[in-house]
Amino acid sequence: MKNTFLYSAAALSLWISSCVSLDTTPLDGETNVTYWQNPSSAVETANACYVSLGNPDQILYMDGASDNAHVRATSGKTQAIGNGSYNTADNFVASIWAYHYEGIKKCNLLTDNIDLVPGLTDELRNQYRAEAQVIRALHYHELIVRFGDVPYFTHVISVDESRTIEKTSRETIVAAILAELDDMLDNGYLPESYPASETGRITHWAAAALKARILLNEGRYSEIKSVTGEIIEKSGHALHPDFAALFTVEHENNKEIIIAIQYALNLRENQGNYQFLPPSLAGVANICPSNELVESYLMLNGKGIHEPGSGYDEGAPWVNRDPRLAMTICYDGGYYTRADGSKQIITINPESSSNDRFQPGTSVITTSTGYYFKKFYDNQATTAQKSSLNYPVIRYADVLLMHAEACAETHTLTAEEWNKTIRPLRVRAGFTDSKALDFPVDKSPQELIEIVRNERRCELAFEGLRMKDIYRWRTAETVMNGKLHGMKINATIGTDKGYYIVETRSFDKDKHYLWPIPQAERNINQKLGQNPNW
């Protein structure tokens, strides 16, 4: 069911947004005097905060900064981050900085002024404040994951302040946002659910799930289990029974969705389809899955494709694979299901004459890897550039994977915990072989960690999390160095054992785990400094 709560705030959102980050005056004189005396100002401003939750570009393209994907677009996206050639003037880096500080400003407007709004009960006042605080905490989390120490403030700052504010340590910011989340969780400021007309608002369990994600990024595994355990036992959230249907308009805002970016037909739409679909479906294939991601999907017997006894046949690579592979990635002979139920077969073979065929080394609008992405295909969209499909920010599957990872890292991943987390994900995916479903008693603690990490990669592909995962695991220096591959082709030049070499990547462990502070921001505020080796 589509929600309706945020769309009335569209004009307000435009009014308080800006294209620069810190040095913009947010309110004019007339508004300061009169706006907050309007009883509707609280809900309007709270709703405007939701518009800043994110967008498909940030979610999809973030996988291009990981080993999951290659970005064909050379300007304003993540291709340079993926291959290590970006610098302090990178447009995408600057856009992420500006986007999150714009969102923080929206949240600060509400928290600064909520007490001025007449006619609110204490309960509603606390709820609106808590909603904004959760969204603000999410913005700060996204910033520190990429930039480390950043300016931290919880009130609307002046232009002069924006030009002199210094960075706050990552540790201090984490402590502050966790304290805010604990306060609202302990005091019940947020409801556990909302009526259908307000579906999509931040709940008590959304705050808890965000707390778990922050703890996960900080490697505080012993603390995660109590948070995720409570969500599992008490929240009422559950896996949607159909993995593919989970990412369709018909099944949005189901029990699995904890936080999502909300869209609605003709009211607020996105261009997600346009970014990843093949030309035959009016897309431009700017973001394409890598062969490394394709190979990470298990066989139906639970073995990796390169493990002895897996049964993998390189000549028939799609046979007996994790069903999520075909639900996430379109390969040669794969298909997209149209709204009328018919199948759009996609021919990618370079030898074919198909408009969707893989054309290595060219800059046309077909796949750059030999694979297309399909997970968020909205077959209800009126055009490729007008989709109303929601994009998840946190879903229950992620909570299960956070819990499993915390157990694995603390050597407490037992059969009981496995059956709460990994097993239901695989059952939902379509695995039936007991060797894939049962707890692997013969695996070492490190092997269990790797199993959970790979499960996370396959379940959450293209949901904007892979880059953050390989950064916090400190594996980016391995998986982001060297060749990124595409499909196997009939060629000897430009291939590696037959697999097309898309690009050669470089990741400096002493530099790239933090993005650079955008130079344009440093030109405005010299106190920002710069991250190491930039």
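Going by the structure above, here's the rest.
Residues numbered from 1 in each chain as written. Predicted model: local features only at pLDDT ≥ 70, side-chain atom pairs only at ≥ 80, totals over all residues. Heavy atoms only, no water.

Colleague: What exactly am I supposed to notice about the overall build of the chain here?
Modeller: Assigned secondary structure in the chain consists of 23 helices and eleven strands. Relative to its length of 534 residues, the chain is compact, with a C-alpha radius of gyration of 23 Å against a globular reference of 24 Å. Overall size of the chain, expressed as C-alpha extent along the three principal axes, is 70 × 50 × 50 Å. The buried share of the chain, reckoned over its 534 residues, is 58%. Contacts in the chain between residues at least 24 apart in sequence constitute 70% of all its contacts with a sequence separation of at least 6. Of the roughly 20,500 Å² of accessible surface on the chain, 49% is carried by carbon and sulfur atoms. Taking the 51 positively charged and 66 negatively charged side chains of the chain as two groups, their mean positions are separated by 3 Å. (Helix = DSSP H or I, 4+ residues; strand = E, 2+ residues; numbered from the N terminus. Rg over C-alpha atoms; globule rule 2.2 N^0.38 Å. Buried < 20%, exposed > 50% of the residue type's maximum accessible area, 1.4 Å probe, protein only. Contact = heavy atoms within 4.5 Å. Areas by Shrake-Rupley, 256 points an atom, 1.4 Å probe, with all protein chains shown as cover. Lys, Arg positive; Asp, Glu negative; His and termini not counted. Charge placed at Lys NZ, Arg CZ, Asp CG, Glu CD.)

Colleague: Mind showing me how you'd approach the sheet that holds strand 10 (residues 495–496) here?
Modeller: In sheet architecture, strand pairing relies on hydrogen bonds along the backbone and comes in two forms, parallel and antiparallel. Within the open sheet, the three strands sit side by side as 9-11-10. Their pairing is antiparallel. Each edge of the open sheet carries a strand with a single partner, namely strand 9 (482–488) and strand 10. The sheet contact formed by strand 10 and strand 11 (residues 499–505) spans two bridges and is antiparallel. Looking across to strand 11, one finds that Thr495 is bridged to Tyr500. (Pairing = 2+ DSSP bridges.)

Colleague: I would appreciate a short explanation of the pairing of strand 11 in the present structure.
Modeller: Successive residues of a regular strand alternate their side chains across the two faces of the sheet. Of all seven residues that make up strand 11, five are buried, and the element is covered over most of its length. Relative to strand 11, strand 9 runs antiparallel, the two being bridged by five bridges. Within strand 11, the residue paired with Lys488 across the bridge is Tyr499. Turn length for the strand 10-strand 11 hairpin, with the two strands adjacent in sequence and antiparallel, is two residues, and the turn residue Lys497 shows positive phi of about 55 degrees.

Colleague: Looking at this model, I keep getting lost on the packing of aromatic side chains. Mind explaining?
Modeller: Ring pairs (aromatic) are described by centroid distance and by the angle formed between their planes. Tallying each qualifying case throughout the model produces 23 aromatic pairs. A centroid spacing of 4.9 Å and a plane angle of 80 degrees characterise the contact between Tyr35 and Trp36, whose relative ring orientation is edge-to-face. A network of ring pairs unites the aromatic residues Phe92, Trp97, Tyr101, Tyr140, Phe147, Tyr152, Phe153 and Trp515 as a single cluster. We note Arg146 situated over the ring of Trp515; from NZ or CZ to the ring centre the distance is 5.5 Å. (Phe/Tyr/Trp six-rings, centres within 6.5 Å; stacked < 30°, edge-to-face > 60°. Lys NZ or Arg CZ within 6 Å of the ring centre and 35° of its normal.)

Colleague: How should the nonpolar core be read in this particular structure?
Modeller: Proteins that are soluble and globular tend to have nonpolar side chains buried together. Of all hydrophobic cores here, the largest spans 146 residues; its most connected members are Tyr140, Phe147, Phe276, Tyr471 and Trp515. No other element matches helix 7 (residues 122–147), which puts eleven residues into this core. Setting aside residues up to four positions removed in sequence, Tyr140 forms contacts with Tyr101, Ile104, Pro151, Tyr152, Phe153, Ile173 and Ile177. (Core = buried A, V, L, I, M, F, W, Y, C linked by side-chain atoms within 4.5 Å.)

Colleague: Explain the packing of helix 3 (residues 41–51) against helix 7 to me, please; I cannot follow it from the model alone.
Modeller: What describes two packed helices is the angle between their axes and the distance between those same axes. At their nearest, the axes of helix 3 and helix 7 sit 10 Å apart, and the two run at 20 degrees to each other. The angle between the axes of helix 3 and helix 7 places the two elements in the roughly parallel class. As for how helix 3 packs across helix 7, the hand of that crossing is left-handed. Residue-level contacts link Ala42, Val43, Ala46, Cys49 and Tyr50 of helix 3 to Tyr128, Glu131, Ala132 and Ile135 of helix 7. By residue class, the composition of the contact of helix 3 with helix 7 is eight nonpolar, no polar and one charged. (Axes fitted to C-alpha atoms, helices over the stretch in contact; angles between N-to-C directions. Parallel < 35°, antiparallel > 145°, perpendicular 65-115°, else oblique. Left-handed = near helix turned anticlockwise from the far one by under 90°. Nonpolar A, V, L, I, M, F, W, Y, C, P; charged D, E, K, R; others polar.)

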